[in-house]
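Residue-level structure breakdown
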Amino acid sequence: MTDQTRHILDEVRRGALSPAEGLRLLRDAGHGAPALVRFAPDWQVRPAPAGAAPAPVVVFAGSVAEHAPPAEAPVATHADRFAATRWGYRLDTKDRDSWATLLDALDAGGVPKDHPIVLVGAPGEAADRWLDAPLALTRALGARRGHRPATLLATGGGGAERAAAYGGFAQLVAAEHAELRLAALHWASGATGSVWDAASAALADDAGFAEVRHDSAGRAVRILHEVAAPVVALPGPAFAPGGVLLISGGAGGIGPFLARGLVREYGVRLVVLGRRPADQVGERLAALGDAVEYVAGDVTEQGDVARAVVRANARFGPVTGVLHLAGVNEDGPVAEKRAESARRVLGVKLLGARALDAATRDQPLDAFVVFSSAAAYLGRAGQADYAAANRAVAEWARERASAGAPGRTRTLGWSLVDGGGMTVAEADRRALFARTGLAPLPGSALLRTLVEGIAGDHVDLVVGHGDPGRIRHFAAERTARTAGAYPASAPTSSGPPDSSAVHAELTAMVARIGGLAPSRVGPDLDFAAIGLDSILLRRLTAAAEERFGPLPATVFFDHPTIGAAARFLAARLPLPSADDAGPEHSPAAAVPASAVDRPSAAAQSPGMAENGGGDTAIAVIGMAGRYPGAADLAEFWTGLLNGRDSVTEIPADRWRHEDYYTAGDPRPGRTYARWGGFLTDVDRFDPLPFHIAPRDAETMDPQERILLEVTWHALEDAGYSRAELRRRSAADGENAIGVFIGASTGDYRTRGAQEWTRGNRVIADSSLWSLANRISFLLDAHGPSLTIDTACSASLTALHLACESLRRGNAARPSPVAST
Ligand SMILES: NC(=O)c1ccc[n+]([C@@H]2O[C@H](COP(=O)([O-])OP(=O)(O)OC[C@H]3O[C@@H](n4cnc5c(N)ncnc54)[C@H](OP(=O)(O)O)[C@@H]3O)[C@@H](O)[C@H]2O)c1
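In what follows, the accompanying structure is described.

Conventions adopted
- Residues numbered from 1 in each chain as written.
- Predicted model: local features only at pLDDT ≥ 70, side-chain atom pairs only at ≥ 80, totals over all residues.
- Heavy atoms only, no water.
- Helix = DSSP H or I, 4+ residues; strand = E, 2+ residues; numbered from the N terminus.
- Buried < 20%, exposed > 50% of the residue type's maximum accessible area, 1.4 Å probe, protein only.
- Contact = heavy atoms within 4.5 Å.
- Areas by Shrake-Rupley, 256 points an atom, 1.4 Å probe, with all protein chains shown as cover.
- Expected span 1.5 Å × (residues − 1).
- Arc of directions from axis to C-beta.
- Salt bridge = Lys/Arg side-chain N within 4 Å of Asp/Glu carboxyl O.
- Near = heavy atom within 4 Å.
- Nonpolar A, V, L, I, M, F, W, Y, C, P; charged D, E, K, R; others polar.
- Axes fitted to C-alpha atoms, helices over the stretch in contact; angles between N-to-C directions.
- Parallel < 35°, antiparallel > 145°, perpendicular 65-115°, else oblique.
- Left-handed = near helix turned anticlockwise from the far one by under 90°.
- Pairing = 2+ DSSP bridges.
- Right-handed = clockwise from strand over helix to strand, strands pointing away.

Now for the overall build of the protein. Each helix and strand counted, the protein has 30 helices and 22 strands in total. Taken across its 820 residues, the protein has 52% of its residues classed as buried. Looking at the protein alone, contacts between residues at least 24 apart form 72% of all its contacts between residues at least 6 apart. A total of about 35,800 Å² of accessible surface is found on the protein, and carbon and sulfur atoms cover 54% of it.

Written out as structure tokens, the structure is:
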């Protein structure tokens, strides 16, 4: 038995993996190494569905001039705010509320729900703003019952890129929100017929293709087709020895090990462009010594990129290749996504590619490679903007290639890369593999696939790694489905499935994923009430999809109890029976006896189960503190070693102890103590780094101010900047940083009351909840955020709860902080 097999069986035994998931992983392990599967995005001719499509509601985000709307259609144009006029409507197309008002007006005006919205994107709009209006529309649609379908229409100059962005967006919105029906249409030059009919028909296709194009050759839909690996004798012709490569984003997760391979195997020199200061590029790049020059700059700024080229020319000579790695991902549900976040995601990819292109047009390039992502087609719920950015930049690259620009233009879209900065939590990797067959690509394979990709014939390649059969299946399902896979009612031949069987299966799943004894999972208890937060619900969705097939990402939000969810599944999905599903779908499948013989840990011991096992190690990665007589941990430690007594007489800047002190027996209004442990500088605080107005800081509880400072130092000690923490926690899903504070005894409010009696009308701002919440706010942390007051045990209780939360997966990175 290999270590990997043993590990999988252990996970099944302790209930961390379902038998079905375990079996899948065992099969994979048994079938040798995972393999690469390559796809090339392509167009497939597909006639429009027969029959008249409903008349659209036409909304122009920009100019109306290019295509006159049909005479009978309700029309809306972009304006500062919503207004209904005699000629139609005006709305702020970038504002969700404005859209919501329009949707209300359409409902009130009797426009049938199946009449689609056609949103005509504004030609000439800056590329990073392409999702502003679609995002606002989608958020408004998603917030309602009885959704209207919508087509995002791109016409005119830059239409292909914009439509590609819309296509990626539409496809992943559907993955997230199964009842929303969105499609993208590119109306290219030479297209004939009615653009409005085409826009309605884009939504009428049962197969649910997300991206449709009309041009002089007719109608086509975007597909992925599998292609063979290019036959390349390695090391391959991609990089001439002694060449000079300009790498944007090369100091991130992937960049350094790619750089090492390039320098060692190809003898090239590198100029790396990134935002971080030069002293933060990290050891892996620095270890390459003279072969690498780092330039701090923003790839979306033409001046910065030009500076990098000048530096490359001066230091190494002409640039012979460009690798555009710079990118950001800020994954999150569309319902919560902000336009600024989508702009960053689009901007770095698209504006960055253009800036790199413009700055290197006069360089003797062999290759211009855009690092895209398989997420463009195979992404997860929450990646709608990232998919849009990657699809659009690939389209841009196709145009660059067909314009004959210097060098081989290539876009390579890998699935998850091991060691990349854009990563996901281990549990999500497992869920991803179970759902899609995709497993992390080993870093060692990255350079090889890069070289093959440059040498091969395809301008745009999607490279998946894992279980080929399941990847193929998932890719086919993804590219040709938005609504079709989720029928509104289940056409089962044998009548509705038995909801009690579904109920029992769901109960077992919830118990396993929540780490609960099944007896504690009541049918009518809200998932939130039994501790399933959004991350656990996502895992539940992945597990349920294993058994029941594709599900809306919001299924357990819309049906928040086992009873409701079981009814939904039984009534609306054509459930495969355990026999139909085959062994890998059956919870009682033929997992080796050793894996299932014994009752799971969850069944044996609820306490253990709730702890998720008990063998999950937790690392303390940063510490800070302030103590009486010690400004930090080091001083405190020295004090302990030296046996220093930090109890002192009450300092004069606190209060005049002489006014209260009387030696001997206690007397009313007097005290017989004049000693204590006191922190220094409690009146000092620099509020601006914490985004606090100086006036507010003046009345804040010093306890809270000190806690902010100490938390900051603890994060610094752990090596995190606020931006890095946000980036990494977003990759772990839902910004899952938890903040747990133990705090007790605050008398600051009484100080405020005292001041009032003296005529000083100040509000002494002191609330225990604020201790945790302010830190969460500061870090943009969306995990649990709570202050615990259990008197002397507060800090220990906070630490305990933080560990519990980590083990349950509620918080990917809790920062437990104790303050007493
Ligand atoms: N990781 C994966 O699994 C994976 C899979 C498929 C494709 N990819 C693609 O591969 C590329 C690299 O991924 P990664 O995992 O290495 O990502 P990463 O660790 O997040 O690194 C991204 C890099 O981009 C830089 N960057 C971001 N915005 C920039 C800007 N405006 N100007 C200059 N540099 C900027 C960052 O620089 P600073 O940190 O200095 O700000 C960082 O070094 C990305 O384009 C991604 O889409 C990654």
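Text resumes after the structure shown.
With that settled, the discussion passes to helix H30 (residues 794-808). Here H30 contains 15 residues, and its C-alpha end-to-end distance of 21 Å stays within 8% of the 21 Å for a straight helix at 1.5 Å per residue. Restricting attention to buried positions, one finds in H30 the residues Ala794, Ala798, Ala802, Glu804 and Ser805. Summarising the axial view, the buried residues of H30 lie within an arc of 160°, below the 170-degree limit, and thus occupy one face.

Looking now at the pattern of salt bridges. Taken as a whole and judged by the stated rule, the model has 33 salt bridges. Glu452 is the partner of Arg38 in a salt bridge, and the nearest nitrogen-oxygen pair spans 2.7 Å. Of this pair, Arg38 sits in strand E1 (residues 35-45) while Glu452 is found in helix H14 (residues 443-455), placing the two residues 414 residues apart along the sequence. Note on Arg38: relative accessible area 8%, which makes it buried. The residue Arg398 makes a salt bridge to Glu395 at a minimum N-O spacing of 2.7 Å. Here Arg398 and its partner Glu395 are both found in helix H12 (residues 384-402), three residues apart, which amounts to about one turn of the helix. Looking at Glu395, the relative accessible area reads 9%, which means it is buried.

The next point concerns the site of the ligand. In the vicinity of the ligand, 29 residues are found, and the nearest of them are Arg275, Arg276, Leu325, Tyr386 and Val417. Relative to its unbound accessible surface of 880 Å², the ligand loses 96% to contact with the protein. A per-element tally of the shell around the ligand places strand E15 (residues 367-373) first, with three residues. Its residues assigned to classes, the shell around the ligand shows 13 nonpolar, 11 polar and five charged.

The subject of this paragraph is the packing of helix H26 (residues 702-718) against helix H29 (residues 768-779). Remark: H26 packs on H29, axes separated minimally by 10 Å, with the N-to-C direction vectors making an angle of 45°. For the element pair H26 / H29, the angle class is oblique. The handedness of the crossing between H26 and H29 is right-handed. The residues of H29 that touch H26, namely those facing Gln703, Glu704, Leu707, Leu708, Thr711, Trp712 and Leu715, are Ser770, Leu771, Arg774, Ile775, Leu778 and Leu779.

Right, let's talk about unusual backbone geometry for a bit. Leaving glycine out, the prevailing phi sign among residues is negative, and the prevailing peptide bond configuration is trans. One non-glycine residue with positive phi stands out, namely Asp681, at about 55°. In this structure, Asp681 sits in the loop between strand E19 (675-676) and helix H25 (694-699).

Residue placement: Ala384 occurs in helix H12. Leave out the neighbours within four places in its chain, and Ala384 touches Gly168, Phe169, Leu172, Val173 and Val334.

With that out of the way, let us pick up the pairing of strand E12 (residues 269-274). Of all six residues in E12, five are buried; the element is thus mostly enclosed. Across five bridges, the pairing between strand E11 (residues 244-248) and E12 is parallel. Within E12, the position partnered with Val244 by the bridge is Arg269. Once you follow E11 into helix H7 (residues 255-266) and on to E12, the crossover reads as right-handed. Across five bridges, the pairing between E12 and strand E13 (residues 292-296) is parallel. Each bridged residue has a counterpart across the sheet, and for Leu273 the counterpart in E13 is Val295.

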